[in-house]
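Structural characterization, general
Residue strings, one per chain:
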Amino acid sequence: MSKRHLTFICQNCGAAHGRWQGKCEGCGEWNTLSEEGAERPAGPGRKPGKGRLFALEPLAGAAQEAPRTGSGIGEFDRVTGGGFVRGSVLLLGGDPGIGKSTLLIQAAAALAGHRQHAVYISGEEAVAQVRLRAERLGLSQAPVQLAAETSVEDIIATLSEGKIPRLVVIDSIQTMWTDTVESAPGTVTQVRASAQALIRFAKKSGATIILVGHVTKDGQIAGPRVVEHMVDAVLSFEGEGSHQFRILRAVKNRFGPTDEIGVFEMTGAGLREVANPSELFLSERDLGQPGTAVFAGIEGTRPLLVEIQALVAPSSLGTPRRAVVGWDPSRLSMVLAVLEAHCGVRLGGHDVYLNVAGGLRINEPAADLAAAAALVSSLANAPLPADAVYFGEVSLSGAIRPVAQAAARVKEAAKLGFARAIVPEAARAEAGDGAIKLTDVTSLAALVADIAARGKRAAAA
Ligand code: TYD
Ligand code: MG
């Protein structure tokens with residue numbers, strides 16, 4: 001007697017459980033288990049113990065550079081590592097409305113413009129809606145082939161007919177479903193099985209597939225957490241809703257770097273590439289205001305100057321507020337602790353707000369010094385020099401530690417018209433005194449004393 005086999009699958013991490021329970025043992029999330037029919041085992045049935053023999057190859061051998069196709073969008077290619085690799089599958093995640101569909105229709109049109117066969121399959125919008133967007137982008141004449149389909153079997157059958165496309169966009173993976181599993185579309189089991197089938201098609205045919213994935217409120221690519229492990233690259237498209245800047249970032253990339261970013265601007269006619277992001281991020285500076293410092297950062301191989309803004313104000317709350325946008329909250333806590341412990345800056349009674357201008361998110365510890373300068377500048381009500389940039393890591397002892405690529409940071413600052421840089425000691429030797437004046441600081445206390453003196457001079461004047 002065969003009983004239909006049911007399992008409970010966590011919709012967050014994909015772990016399977018034999019019975020329902022409130023908390024997933026896999027990832028610790030609550031209320032994420034949902035009942036799904038078990039997947040039928042994939043592949044043809046085979047008696048155990050009987051396997052096909054295959055030849056093993058030596059590791060040494062001629063390695064081929066993966067053949068790539070440029071997308072026609074420079075900032076996109078920078079993130080993928082120089083174009084789409086044949087037969088690879090990418091997952092593009094991002095908040096709803098951030099511009100994923102816009103980016104991909106533009107990429108498909110650019111590719112098709114170079115006489116490459118590009119197909120755009122939408123599971124969320126009707127063909128007419130996709131056309132309408134393309135028209136708005138001025139791409140209505142691009143030779144991209146469209147369809148509004150959600151059945152993976154139908155899609156693969158159609159794509160296998162005739163000429164294999166160079167690029168296939170699947171918008172989105174959560175809307176796809178396959179006959180091979182019984183669960184409803186959008187469940188982890190369906191998403192995983194659909195992705196598996198599409199990945200198999202990509203590897204076999206050599207087409208590049210981009211899967212669009214939705215992101216949950218806590219920033220995870222929903223459901224397809226499991227898909228992240230299966231695909232060759234995971235890209236995330238980010239930006240603050242209120243800003244027009246959009247950042248494309250590689251979270252995982254089997255064929256390229258993961259620290260490069262692509263910068264775009266959302267305009268009335270689609271996404272525009274931003275070739276010089278520093279200019280853009282510094283375009284709306286409040287000159288002469290206390291609490292702002294320019295950080296000379298590095299994203300991948302590209303230097304990037306951004307303004308860090310701080311507001312330190314007396315608090316009326318028992319536990320003062322600490323709010324950060326665009327930076328790591330635990331690094332802010334660390335910098336505040338070092339300011340208290342080693343520099344005599346009392347912040348226990350103050351609310352502290354820190355913001356990275358332009359909606360950019362910074363991950364580098366090198367931003368410590370700029371953040372600290374902005375915080376102290378706000379507290380002391382002392383504007384920092386408008387022509388200075390800052391970089392350096394703050395250690396728990398209050399020392400300023402060297403950071404990578406000092407010369408590139410200084411060069412970018414000089415290019416944008418800055419006259420000086422406040423840097424760790426070692427950076428002076430590396431970057432050398434050239435176009436701009438380098439001032440080294442060895443401890444955070446020295447920087448604080450310097451800014452406080454500026455504040456006193458400003459108050460006296
Ligand atoms: P969309 O690509 O549909 O986002 P996603 O697929 O990530 O959900 O983009 C939707 C937003 O982009 C929408 O709020 C309008 C805006 N937009 C523009 O500002 N300019 C444009 O040319 C287009 C096509 C969209
Ligand atoms: Mg969309």
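Preceding this section is the structure that the text describes.
**Here we look at the overall build of the protein**
- Helix and strand counts for the protein come out as twelve helices and 23 strands.
- Viewed in the frame of its principal axes, the protein has a C-alpha envelope of about 90 × 55 × 50 Å.
- The buried share of the protein, reckoned over its 461 residues, is 48%.
- A separation threshold of at least 6 residues defines the contact pool for the protein, and within that pool the share at least 24 residues apart is 67%.
- Of the side chains in the protein, 47 bear a positive and 47 a negative charge, and the two mean positions are spaced by 4 Å.

**Comments concerning the sheet that holds strand 15 (residues 292–299)**
- Strands sit in the order 17-18-16-15-19-22-23 across an open sheet of seven strands; the sheet is mixed. Unpaired on one side and paired on the other, strand 17 (322–325) and strand 23 (437–441) mark the two borders of the sheet. Averaged over all pairs of adjacent strands, the angle between strand axes in this sheet comes to 30°, irrespective of strand direction.
- Two elements, strand 15 and strand 16 (residues 302–314), share eight bridges in a ladder whose sense is antiparallel. For glycine 297, the partnering residue across the bridge sits in strand 16 and is leucine 304.
- Its contacts with the sheet place helix 9 (residues 368–380) against strand 15, strand 16, strand 18 (350–356), strand 19 (388–390), strand 22 (420–424) and strand 23, and it is angled at close to 30° to strand 16.

**Comments concerning the packing of helix 4 (residues 152–160) against helix 5 (residues 188–205)**
- Contact geometry of helix 4 with helix 5 gives a least axis separation of 10 Å together with a crossing angle of 10°. In this view, helix 4 runs roughly parallel relative to helix 5, as classed from their interaxial angle. Taking contact as the criterion, the partners of Val152, Ile156, Leu159 and Ser160 in helix 4 are, on helix 5, Ser194, Ala197, Leu198 and Phe201.
- Its residues placed into classes, the contact of helix 4 with helix 5 shows six nonpolar, two polar and no charged.

**Overview of the sheet that holds strand 14 (residues 270–273)**
- Here we have nine strands laid out as an open sheet, ordered 8-7-9-10-6-11-12-13-14, and mixed in their pairing. The sheet is open, and its two edges are formed by strand 8 (145–147) and strand 14, each paired on a single side. For this sheet, the mean angle separating the axes of adjacent strands, direction not counted, is 25°.
- Note that strand 12 (residues 245–253) and strand 13 (residues 261–267) share five bridges and pair antiparallel. Paired with arginine 249 across the bridge in strand 13 is isoleucine 261.
- Where helix 3 (residues 127–136) meets the sheet, it contacts strand 7 (118–122) and strand 8, and its direction lies at approximately 140° from that of strand 8.

Calculation rules
- Note on numbering: residues in each chain are counted from 1, in written sequence order.
- Here chains are named by letter from A upward and ligands by number from 1 upward, in the order in which they appear as written.
- The model is predicted, so local features are restricted to residues of pLDDT at least 70 and side-chain atom pairs to those at 80 or more, both for listing and for counting; the totals for chains, interfaces and linings are taken over all residues.
- Side-chain measures were taken over the full set of non-hydrogen atoms in the model, leaving aside hydrogen atoms and water.
- Each helix is a run of DSSP H or I of at least 4 residues and each strand a run of E of at least 2, with the numbering of both proceeding from the N terminus.
- Burial classes: relative accessible area under 20% of the type maximum marks a residue as buried, over 50% as exposed, and values in between as partly exposed (1.4 Å probe, protein chains only).
- Residue contacts follow a heavy-atom distance rule, with two residues in contact if any of their heavy atoms lie within 4.5 Å.
- Positive charges come from Lys and Arg, negative ones from Asp and Glu, while His and the chain ends are left out of the count.
- Working definition for charges: the position is that of NZ of Lys, CZ of Arg, CG of Asp or CD of Glu.
- For two strands to count as paired, DSSP must find a minimum of two bridges between them.
- Throughout, an axis means a line fitted to C-alpha atoms (over the contacting stretch in the case of helices), and angles, computed between N-to-C directions, take values from 0 to 180 degrees.
- Orientation categories follow fixed angle ranges, with anything under 35 degrees roughly parallel, anything over 145 roughly antiparallel, 65 to 115 roughly perpendicular, and all other angles oblique.
- Any residue that is not Ala, Val, Leu, Ile, Met, Phe, Trp, Tyr, Cys, Pro, Asp, Glu, Lys or Arg is counted as polar, Gly included; the first ten are nonpolar and the last four charged.

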